[in-house]
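# Structure assessment
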Amino acid sequence: MAKQNQSDDIFSSDPFLDEIAGAKPTRQSEYFVPGHYLVQIIDFKRAETRKRRPFIVLETTVLDSDVAELSTGSEASWMQMLDSDLALANLKNFIQRALNLSEKGVTKEIIAKALSQNPDTGRSFLSGLKIEIVAKEITTKAGNPFTVLSFINVPADKQDQAKRLVDLK
C-alpha cells in the first residue's frame, strides 16, 4: 500500500473543501460600459440582494461590440434596483424597445411573460432574443458618472443572422 502524502490528509479532512465542492457555481458578469453592443439575452428576472433589496436584472452574452473589455463572448448585465425612482419606467422602456412595442403594447401580460420562466429552459421567455444596446456615460446631479443604456430592437427578420453590429445595417 502506498504511503499517504501528508497534504492528502489535510485536504481530506477540511470541511471547507466539501462546501466549495457542493456550492452552485455562479457566472461572473460585468456591467455595460460606454459603447455599442449587439447582445443575446440569457435571462431577465427578478431577485433580491443579500440585504433584501429587490431588483430586476438583464443578463446577456455580447455578440459584438466596439469595447475591448466586453468583446464577443463576454457576459454583461443591466440591473435595476426596484426601489429607485426611475426603475419602473426604465423597465417598461426596455421591454417596449426589446420587443418593438408601442407604449400601450407593454401590458401586464407582456411584462409577466417577460419575467416568467419558460418551463422548457427555466429562463425568461426573452432568453435568446437579440437586442442592440448603446451605452453612454452621463454625470448625475450629484456629479457622479453613470452609464445610461438605450435599447434598440433587432427586427425579427434579422434575429437569426445578426452576429455582428454590421449585420444590423
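Quantities reported herein were computed from a predicted structural model and do not represent experimental measurements.

### Section: the overall build of the chain
A count of helices and strands for the chain gives four helices and six strands. Its helices and strands taken in sequence order, the chain reads α-α-β-β-β-β-α-α-β-β from the N to the C terminus. The buried share of the chain, reckoned over its 169 residues, is 31%. Put simply, of all contacts in the chain between residues at least 6 apart along the chain, 53% involve residues at least 24 apart. Carbon and sulfur atoms make up 52% of the accessible area of the chain, which amounts to about 11,500 Å² in all.

### Brief notes about a nonpolar patch on the surface
A cluster of nonpolar side chains, namely Phe16, Leu17 and Ile20, defines an oily patch on the protein surface of about 270 Å² accessible area. Tracing the backbone through its elements, the reader meets isoleucine 20 in helix H2 (residues 15-22). Using a relative accessible area of 48% as the deciding quantity, one classes isoleucine 20 as partly exposed.

### Points about the layout of surface pockets
As a volume, the second largest pocket reaches approximately 540 Å³. Taken together, 17 residues form the lining of the second largest pocket, with Trp78, Gln80, Asn90, Phe146 and Thr147 sitting closest to its centre. Of all the elements in the fold, those that place two or more residues in the lining of the second largest pocket are strand E4 (75-81), helix H3 (87-99) and strand E6 (145-153). Per-class residue counts for the lining of the second largest pocket are ten nonpolar, six polar and one charged.

Rules of the game
Residues numbered from 1 in each chain as written. Predicted model: local features only at pLDDT ≥ 70, side-chain atom pairs only at ≥ 80, totals over all residues. Heavy atoms only, no water. Helix = DSSP H or I, 4+ residues; strand = E, 2+ residues; numbered from the N terminus. Buried < 20%, exposed > 50% of the residue type's maximum accessible area, 1.4 Å probe, protein only. Contact = heavy atoms within 4.5 Å. Areas by Shrake-Rupley, 256 points an atom, 1.4 Å probe, with all protein chains shown as cover. Patch = residues over 30% accessible without salt bridge, like charges linked within 9 Å, V, L, I, M, F, W, Y side chains within 5 Å. Salt bridge = Lys/Arg side-chain N within 4 Å of Asp/Glu carboxyl O. 1 Å grid on protein atoms, 1.4 Å probe; cavity = no way out; pocket = protein on both sides within 12 Å on 5 of 7 lines; lining within 4 Å. Points joined across faces, edges and corners; volume = space filled by probe spheres on them. Nonpolar A, V, L, I, M, F, W, Y, C, P; charged D, E, K, R; others polar.

Function cannot be inferred from these measures alone, as they are strictly geometric.
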